[in-house]
Amino acid sequence: MATVKDTSSSRPSKARLAIYAGALFLVVLVALFVYNYKSIKGQLDIGTAYGARVACSCHYIGGRDIEDCEKDFEPGMEVIRLTVDEDRKRVTASALLMESATAEFREGWGCLMLTDEQVEAE
């Protein structure tokens, strides 16, 4: 007598296939990030420095509100966030918890970029 073999139980379900596809996508995404990390970090470093300097000049020299100064940013700088320290006349731009840069307004000098040591010293 012939028996029928049930092969449906050995096939992965659609939900399991979706999990595998999602995991594979995540692995590829992480691999691309790791591969391009130096480039991404460099671009964020330049973007935060540019953002801090432009926003500092706009706010303290131009007299505009900091939210209005964000309009001066180039396309692609949407990930840059600005914080203002009115007491020290500083603007800090940060991006994705990876990079930050600070510019300080000094009378007669304009807005100057600060090193990490200068920011931590005060």
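The preceding data block contains the structure.
Here the structure is a predicted model, which means the values were calculated and not measured. (Residues numbered from 1 in each chain as written. Predicted model: local features only at pLDDT ≥ 70, side-chain atom pairs only at ≥ 80, totals over all residues. Heavy atoms only, no water.)

## Notes on the side chain of T102
Counted only if it meets this: Secondary structure elements follow DSSP: runs of H or I no shorter than four residues count as helices, runs of E no shorter than two count as strands, and numbering proceeds from the N terminus. Any N or O atom pair separated by 3.5 Å or less is treated as a polar contact, with the protein-specific requirement of one donor-capable and one acceptor-capable atom, and with residues adjacent in sequence counted only for side-chain atom pairs. A contact between two residues is defined here by any heavy atoms of the two lying within 4.5 Å.
Tracing the backbone through its elements, the reader meets T102 in strand β3 (residues 99-106). In this structure the side chain of T102 is engaged in a polar contact, spanning 3.0 Å, whose partner is the side chain of T92. Dropping the residues within four chain positions of it, T102 is found in contact with A52, R90, V91, T92, L112, M113, L114 and V119.

## What about the pairing of β3?
Taken residue by residue, a regular strand's side chains alternate between the two faces of the sheet. Convention followed: For each residue, the accessible area found with a 1.4 Å probe, counting protein chains only, is set against the maximum for its type, and the residue is called buried under 20%, exposed over 50%, and partly exposed in between. Pairs of strands are assigned from DSSP output, requiring at least two bridges between the strands.
Taken across its eight residues, β3 has six buried, putting it largely inside the fold. The antiparallel hairpin formed by strand β2 (residues 90-95) and β3 contains three residues in its connecting segment, where L96 sits at a positive phi of about 50 degrees. Across five bridges, the pairing between β3 and strand β4 (residues 110-114) is antiparallel. By the bridge assignment, F105 is partnered in β4 with C111. If you look at the hairpin formed by β3 and β4, you'll find three residues sitting between the two strands, and G108 has a positive phi there, around 85 degrees.

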